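This is what each chain is made of:
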Amino acid sequence: MLAMDKLTVAAGHDLIRQGEPGNAFYIIEEGEFNIFIDSNRVTTFRRGGSFGEVALIREQPRAATVTALTNAICWRLERRSAPCHLSC
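For the structure given in this document, a descriptive report is provided here. (Residues numbered from 1 in each chain as written. Predicted model: local features only at pLDDT ≥ 70, side-chain atom pairs only at ≥ 80, totals over all residues. Heavy atoms only, no water.)

**Some details on the pattern of salt bridges**
Two side chains carrying opposite charge are able to pair once their charged atoms lie near each other. Applying the stated rule across the entire model yields 5 salt bridges. Here Asp5 ties to Arg76 by a salt bridge, and the two come within 3.3 Å at their closest N and O atoms. One end of the pair, Asp5, is in strand E1 (residues 5-9); the other, Arg76, is in strand E8 (residues 72-78), and 71 residues separate them in sequence. Each of Asp5, Arg76 and Glu78 takes part in a single network of salt bridges with overlapping partners. (Salt bridge = Lys/Arg side-chain N within 4 Å of Asp/Glu carboxyl O. Helix = DSSP H or I, 4+ residues; strand = E, 2+ residues; numbered from the N terminus.)

**Re the nonpolar core**
The tendency in soluble globular proteins is for nonpolar side chains to be buried as a group. With 15 residues, the main nonpolar core has Val9, Leu15, Tyr26, Phe33, Phe51 and Cys74 as its most contacted residues. Secondary-structure elements contributing two or more residues to this core are E1, strand E2 (14-16), strand E3 (24-30), strand E4 (33-37), strand E7 (65-68) and E8. When residues of this core are assigned to their parent elements, the largest contribution, 3 residues, is made by E3. For Val9, the residues in contact, after removing those within four places along its chain, are Leu15, Phe33, Ala68, Thr70, Asn71, Ala72 and Cys74. (Core = buried A, V, L, I, M, F, W, Y, C linked by side-chain atoms within 4.5 Å. Buried < 20%, exposed > 50% of the residue type's maximum accessible area, 1.4 Å probe, protein only. Contact = heavy atoms within 4.5 Å.)

Next comes the structure, spelled out in structure tokens:
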């Protein structure tokens, strides 16, 4: 069984930062997140959006910074919780 953690994220908080190691995938339940690449905002994700999926497949630095635009709730799946066919 997969285990996901529910997170409450304050507006202005960087949930992930470009260049840092990644180990989790996120699904947005509520709120909005701005996505930045090289300090340039490229899009905004809202309820139902997701990010960080590459972290479940391979170990590589984060490709973007994800910052909460509003107070938000999201769900996190860490690599250690992912099934072997995704993380092996």
